[in-house]
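Here's the letter readout for the chains.
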Amino acid sequence: MATIHFILQGKGGVGKSMIGIMLCQALRHFGKEVSAYDADPINSTLTSFREINATPVQLMNDGNIDSRNFDALFDALLCAPQESHVIVDNGASSSIALSAYLLENDILQLLEEQGHLVFFHTVITGGLALADTLKGLSGLATAFPASPIVVWLNPYFGEIAIDDKPFEEFKTYREYASHVYAVIRLPDGSKTLIGKDLEELFAKHLSFGAGINGSSTPCMVRSRLRHYWNQILACVEQAGIL
């Protein structure tokens, strides 16, 4: 009936919200009806993008679970319109609470009984956070063994490799490969060029369309953004989550 996308990763600052922003825009580009919920208690990134029109959800209250707000969110998910896509962006600080709520209340079963398809999205990043993000993938696959996981590889913080081996040769991937529905590799590029372009785009809370078509955007920046965005669209289309 509808497709629900949960973005979960216990490690903060690795690009979860950025992925939520890009996924929302990509799905709409392909003509999908999309609604988004921003459940990050610390960094409400999705709600800062006017074009995304995300609904803020306060899942935590003074460090404790607000069960009523959890209930309201999942009532909305259960009633998601046919053929629509729903994105739930969750912060690192509330990921454990959200996972526990999903398990304790048999939420995935309830969603599936309504005919909804559920995807979990998680991020693997290079650099110092590589080990922590791999633990996040392991925990997600262990907690929800029957649910498909979309892994996003974010090379911004460093190469995603262990002993020169790529992600598909990691022990963690081999162990949980049957849980991984798709692997999406974010395009790599110069931090001083496309990296800076993306930082400025997101800092201004602009969509790719606004950045690419904006008259105030320099020509070469528009060109780099367009190339990057076309790569993202191709990756999302190839992932088979439309």
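Residues numbered from 1 in each chain as written. Predicted model: local features only at pLDDT ≥ 70, side-chain atom pairs only at ≥ 80, totals over all residues. Heavy atoms only, no water.

I keep staring at the overall build of the protein chain and nothing clicks. Help me out?
Looking only at helices and strands, the protein chain features 9 helices and 9 strands. For a compact globule of 242 residues, the expected C-alpha radius of gyration is about 18 Å, and the protein chain comes in at 17 Å, within 12% of that figure. A principal-axis box enclosing the C-alpha atoms of the protein chain has dimensions of 50 × 45 × 35 Å. A burial count over the protein chain gives 49% of its 242 residues as buried. Residue pairs in contact within the protein chain that sit at least 24 positions apart in sequence constitute 74% of those at least 6 positions apart. Of the roughly 11,600 Å² of accessible surface on the protein chain, a fraction of 50% belongs to carbon and sulfur atoms. Charge-centre separation for the protein chain: the mean point of 17 positive side chains lies 9 Å from the mean point of 26 negative side chains. (Helix = DSSP H or I, 4+ residues; strand = E, 2+ residues; numbered from the N terminus. Rg over C-alpha atoms; globule rule 2.2 N^0.38 Å. Buried < 20%, exposed > 50% of the residue type's maximum accessible area, 1.4 Å probe, protein only. Contact = heavy atoms within 4.5 Å. Areas by Shrake-Rupley, 256 points an atom, 1.4 Å probe, with all protein chains shown as cover. Lys, Arg positive; Asp, Glu negative; His and termini not counted. Charge placed at Lys NZ, Arg CZ, Asp CG, Glu CD.)

In this structure, what is going on with the pattern of salt bridges? I would like to understand it.
Opposite charge on two side chains allows them to pair when their charged atoms are near. Across all of its chains, the model carries 3 salt bridges by this definition. Across the pair R185 and E168 runs a salt bridge whose closest N-O atoms are separated by 2.1 Å. Within this pair, whereas R185 is found in strand β9 (residues 180–185), its partner E168 is found in the loop between β8 (149–154) and α6 (171–176), the two being separated by 17 residues in sequence. By relative accessible area, E168 is classed as partly exposed at 28%. With a closest N to O distance of 2.6 Å, R224 and D197 form a salt bridge. With R224 in helix α9 (residues 219–239) and D197 in helix α7 (residues 191–203), the pair connects residues that are 27 residues apart, well separated along the chain. (Salt bridge = Lys/Arg side-chain N within 4 Å of Asp/Glu carboxyl O.)

Help me understand α7 in this model?
The periodicity of an α-helix, 3.6 residues per turn, causes residues three or four positions apart to be oriented the same way. An ideal rise of 1.5 Å per residue puts 18 Å on 13 residues; α7 reaches only 15 Å between its terminal C-alpha atoms. Residues of α7 that are buried: I194, G195, D197, L198, L201 and F202. Projected onto a plane normal to the axis of α7, the buried residues spread over an arc of 150° and lie on a single side. Across α7 from its buried face, at more than 90 degrees, point the exposed residues T192 and A203. Those residues of α7 that are buried lie in contact with α1 (16–29), α8 (208–213) and α9. (Expected span 1.5 Å × (residues − 1). Arc of directions from axis to C-beta.)

Sorry if this is basic, but what is going on with the nonpolar core here?
Across soluble globular proteins, nonpolar side chains show a tendency to be buried alongside one another. With 41 residues, the main nonpolar core has F6, F74, L77, F120, I124 and F167 as its most contacted residues. It is helix α5 (residues 130–143) that provides the largest number of residues to this core, a total of 5 residues. Setting aside residues no more than four positions away along its own chain, F6 makes contact with F74, L77, V88, L102, L108, L111, V118, F119, F120 and H121. (Core = buried A, V, L, I, M, F, W, Y, C linked by side-chain atoms within 4.5 Å.)

It is not clear to me how the side chain of T125 should be interpreted in this structure. Could you clarify?
On the secondary structure map, T125 appears in strand β7 (residues 117–125). With a relative accessible area of 0%, T125 lands in the buried category. Within polar-contact distance, the side chain of T125 engages the backbone oxygen of N154 at 3.1 Å. The residues touching T125, leaving out its near neighbours within four places in the chain, are V14, L130, T133, N154, F157 and I160. (Polar contact = N/O pair within 3.5 Å; in protein donor to acceptor, adjacent residues only side chain to side chain.)

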